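# What the coordinates show
Spelled out, the chains give:
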Amino acid sequence: MLALGLFFIRSEGPVLKQALVAFGEAPLIPTLLAALVTGLYVLFSARMYVDGFAATGARVPLGEAVRLWLRRNFISVFLPAGGVSSMAFFNRSLRRHGLDDRRLYLGSLVYFLAGYSSLLLITVPALLFGMGTLLSGYALLGPVGAFVLLLAAGAGYVCSFRRKGWAYTRLVRKFPRAAAQLEDLRTQPLDRRAIARAVLASVGVELCGVAHVWLAVLAMHGSSLSLSTAFVGYVTATLLLAFSPALRGLGAVELSLTLVLTRVGQVPETAAVAATLFYRIFEFWLPLLLGLGSFFWQRTNLLLRVAPAFLTLLLGLLNLLSALTPALTYRVRLLKEFLPIDLLQLSNGLVIAAGGLLVILSVGLLRGYRSAWVSTVVLVGLSMVAHLTKAIDYEEALFAAFVLLVLWYTGAQYRLASPPVKRLVRLRPSALRVPPDEETYGTARQLTEQHGHSALDYFKLYDDKELFLLPDRTGFFAYRRSVRLAVVLEGPVLARYDRFPEALKIFETDCRMRGRQVLYYRVDEQDLPFFEAIGRKPLQIGQEGIVHLDKFTLEGRDRKSLRNALKRVQSAGYQTHTYEPPLSGRLAQQLRAVSDEWLRTEELRETAFAQGVFNAGEIKHQPVVTVEDEEGKVVAFANIIPNFAPEEGTYDLIRKTDDAPSGVMDALMVGLITYLQKQGKRRMNLGLAPLSGLTEPGAFPEQALKLVYDRTTVFTHFKGLRFFKEKFADEWQTKYLVYGDDLDLMQAAVAIQRVSRYLPGDTLRPPLRAESTVV
């Protein structure tokens, strides 16, 4: 494709410059009509998706289909076999409308086949119209014949699959594990009327293409083209596009359409090249730009989050430069005839002052402060007027007007109140933490013991957290601050779960008034609708493993590796022991020695927030499972902490010495499982396996995380953790990071790392009891 593009530029080089000049002088009416046809082209294309999914019984709004088509059309340019491979992208938004994988695949297949069927429908009249010329008629028989054979083969394959013929048998034989999914695809009923509507919409797409060819010649040549030639030109170009392996026929389309217009339509070469450029602008480049713009429709998008601040900074610098450089003499002379000289000098000083303030305010815009936005809007408006009254600098005034328009469009994202001046000074993380008073802590503790329902509730009362108590004292949030971000551990603890949405609004309002953005870390999937209702976005960050204790056994082929690990540990003279609280001082000292050695060997520091740290005073009040040698030396341990999820147990620290025998961690896990089974628990929470479980990433951040997780060695430790937990887990629960806008997401990793640094408190809180009474 690139070679054909270079050949087109080289062969048409002498007339390309003339064609570009002619293109720049295109008449207004045909140009406006071509833009209108492009709009119809996008709507017809989106309608194909609507009807394609309707054929499977699903409803997709037209607006959602427009955005889907624009995005898929955009990335198809950069993918091999882009028209087909692009259908694997941007399916997450469709799933929100109730489409499962089966309907996604079938709906996309209907769209694909409808597109090629309509092309075949208009190819027949194009052949009939063009039989009079060798170039446009018989020369098309080869590619058209190949196209017909390809379409017939595809249709035959689909029919064979639907009828459980050779295609179905071959697929089941090749992919036996997918037999159930293939059967679901085969038996899914399809609405033939919806399929017919999809084909009809696709015909509309083709007719828009023919109209673009006709309008292109009208605009560039000044005379209309015959309908037959417009059909032949469009079919020729589109067939090459359909068979292009990449770049949507770039080069080949331009070359073929120019040849048809000159040889068949008798259009002069310069006008033919200009018409080809005109056609590609409205048929290819304009939809491509619309597709790029579709990624920025959401006002919380990163680009629209950063652009106002950048433009404000740029305008501030432009103001300073404009005020400090000499003005054009003839403009100043003209202005003096209408305005007094004092006003001109005042306007120049206002431009300088506004420029300096805008540079400062750009930082406040980047942080999302509402007062910074209001001040910037006022100063940009004054700058626009001042540029006109100081020297008729309409160029700077137009740029200021553009900045003002961007600020207006993105105004809804500036909701944070400005922080007090004393908080603008950068403080150490420890200084950011305000420990709760005893009354607040006591209320939160009582709420947790009576209404806790999560394995993480225990850590919400750790002394590294701040607590936000609801005004009626029926719930609280636990969080830590990282400069302007408040990172919340999971969601709130509430006396009544149905107050979740109200609690979120109260907490978010308080954070906005304090100038803080909010991140929610390790949110459960069932709580996502509450966050999405207030405009928050989820990012999958991993999965928690769950062991079904009532079904766990060491018997069977799948547990052979565990049995072997236990035998190795026992044959080396090690045994598993369980200790109930309170623990002896001697045992606590041994546990500390194991913990210190593990931290030293692994070159780690204690981290908290979503997990605990070793604290001898705290661990004395918790059950502990150990692995010890024949002399009673502890080589590995795990402490069991309160878990407020019903009938569920969990552990916190799991550490070992450097000389512990191979298989010691497996033995320790089996000891934990045995202990919790005796306690009557039905489940055991294995904790988070970070970044695992991203089998079908949705948004771009999830796709990027999956790519890095799968293809690099950066997260080798996380992969090992997942592998270890998979030995025991029967179920995986997905956890999410919930954030406001993309700028917050960019800071999330650093913020979570900061809040996870353990900073010991002055006092040790008494141990919690896991006695959940309300679910």
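Given the structure is predicted, the values throughout are model-derived calculations rather than measurements.

## Observations concerning the overall build of the protein
Secondary structure assignment for the protein yields 30 helices and 12 strands. For the protein, restricting intrachain contacts to residue pairs at least 6 apart in sequence, the fraction spanning at least 24 positions comes to 75%. Of the roughly 37100 Å² of accessible surface on the protein, a fraction of 62% belongs to carbon and sulfur atoms.

## With respect to a nonpolar patch on the surface
Taken together, the side chains of Leu-28, Ile-29, Leu-32, Leu-33, Leu-36, Leu-40, Leu-43, Phe-44 and Leu-62 present a nonpolar region at the surface, about 820 Å² in accessible area. The residue Leu-43 is located in helix α3 (residues 28-54) in this model. Given the relative accessible area of 42%, Leu-43 is considered partly exposed.

## Quick look at the confidence of the model for the protein
This prediction gives the protein a mean pLDDT of 82; 83% of its residues lie at or above 70. Across residues 427-431 the pLDDT falls below 50, and counting only partners more than four positions away or on other chains, this stretch makes 5 contacts in the model.

## Topic: the packing of α3 against helix α14 (residues 269-294)
Viewed as axis vectors pointing N to C, α3 and α14 meet at an angle of 50°, and their least axial separation amounts to 10 Å. On the basis of their axis angle, the class for α3 and α14 is oblique. In the crossing of α3 with α14, the sense of the turn from one axis to the other is right-handed. Contacts from Pro-30, Thr-31, Ala-34, Ala-35, Thr-38, Tyr-41 and Val-42 of α3 reach α14 at Phe-278, Phe-282, Glu-283, Leu-286, Pro-287 and Leu-290. Residues that form the contact of α3 with α14 fall into these classes: 10 nonpolar, 2 polar and 1 charged.

## Considerations on helix α21 (residues 438-451)
An ideal rise of 1.5 Å per residue puts 20 Å on 14 residues; α21 measures up with 19 Å between its terminal C-alpha atoms. Next to the buried residues of α21 lie β1 (466-469), β2 (475-482) and β4 (493-494). Two to three positions downstream of the cap, the backbone nitrogen of Glu-439 sits 3.1 Å from a side-chain oxygen, assigning the N-cap of α21 to Asp-437.

## As for the environment of Cys-208
Mapped onto the secondary structure, Cys-208 falls in helix α11 (residues 192-221). Of the residues examined, Cys-208 reaches a relative accessible area of 6% and is grouped as buried. Those residues in contact with Cys-208, other than ones at most four positions away along the chain, are Val-37, Leu-40, Tyr-41, Phe-44 and Glu-283.

## Comments concerning the pattern of salt bridges
For side chains of opposite charge, pairing can occur when their charged atoms come near one another. Scanning the entire structure with this criterion turns up 28 salt bridges. With a closest N to O distance of 4.0 Å, Asp-191 and Arg-193 form a salt bridge. Of the residues examined, Asp-191 reaches a relative accessible area of 28% and is grouped as partly exposed. When salt bridges with common partners are traced through the structure, they connect Arg-522, Asp-524, Glu-544 and Lys-735 into a single cluster.

## Observations regarding the pairing of β1
The two faces of β1 match: Glu-466 and Phe-468 on one face and Leu-467 and Leu-469 on the other face are all buried. Across 4 bridges, the pairing between β1 and β2 is antiparallel. Bridging from a neighbouring strand, Leu-467 pairs with Ala-478 of β2. From the end of β1 to the start of β2, which pair antiparallel, there are 5 residues, and Arg-473 there has a positive phi angle of about 60°.

## Some details on unusual backbone geometry
A cis amide bond links Pro-581 to the next residue, Pro-582, at an omega of 0°. Within the chain, Glu-647 stands out as a residue other than glycine whose phi angle is a positive 60°. For Glu-647, the location among the structural elements is in the loop between β9 (634-641) and β10 (648-656). A relative accessible area of 44% means that Glu-647 is categorised as partly exposed.

## Focus on the packing of aromatic side chains
Applying the stated criterion across every chain, the model contains 22 aromatic pairs. Between Tyr-458 and Phe-459 the ring centres are 5.3 Å apart and the planes differ by 75°, which places this aromatic pair in the edge-to-face class. Classification of Tyr-458 as buried rests on a relative accessible area of 6%. Note on Phe-459: relative accessible area 4%, which makes it buried. Grouped by ring-pair contacts, the aromatic residues Phe-468, Phe-477, Tyr-479, Tyr-497, Phe-500, Phe-507, Tyr-520, Phe-530 and Phe-531 constitute a single cluster.

## Comments concerning the environment of Phe-112
Structurally, the position occupied by Phe-112 is in helix α7 (residues 101-130). Here Phe-112 falls in the partly exposed class, since its relative accessible area comes to 24%. C-alpha of Phe-112 to C-alpha of Ala-198: the two residues are 86 residues apart in sequence and 9.8 Å apart in space. Setting aside residues up to four positions removed in sequence, Phe-112 forms contacts with Val-84 and Met-87.

The rules we used
Residues numbered from 1 in each chain as written. Predicted model: local features only at pLDDT ≥ 70, side-chain atom pairs only at ≥ 80, totals over all residues. Heavy atoms only, no water. Helix = DSSP H or I, 4+ residues; strand = E, 2+ residues; numbered from the N terminus. Contact = heavy atoms within 4.5 Å. Areas by Shrake-Rupley, 256 points an atom, 1.4 Å probe, with all protein chains shown as cover. Patch = residues over 30% accessible without salt bridge, like charges linked within 9 Å, V, L, I, M, F, W, Y side chains within 5 Å. Salt bridge = Lys/Arg side-chain N within 4 Å of Asp/Glu carboxyl O. Buried < 20%, exposed > 50% of the residue type's maximum accessible area, 1.4 Å probe, protein only. pLDDT = per-residue confidence, 0-100. Axes fitted to C-alpha atoms, helices over the stretch in contact; angles between N-to-C directions. Parallel < 35°, antiparallel > 145°, perpendicular 65-115°, else oblique. Left-handed = near helix turned anticlockwise from the far one by under 90°. Nonpolar A, V, L, I, M, F, W, Y, C, P; charged D, E, K, R; others polar. Expected span 1.5 Å × (residues − 1). Polar contact = N/O pair within 3.5 Å; in protein donor to acceptor, adjacent residues only side chain to side chain. Pairing = 2+ DSSP bridges. Phe/Tyr/Trp six-rings, centres within 6.5 Å; stacked < 30°, edge-to-face > 60°.

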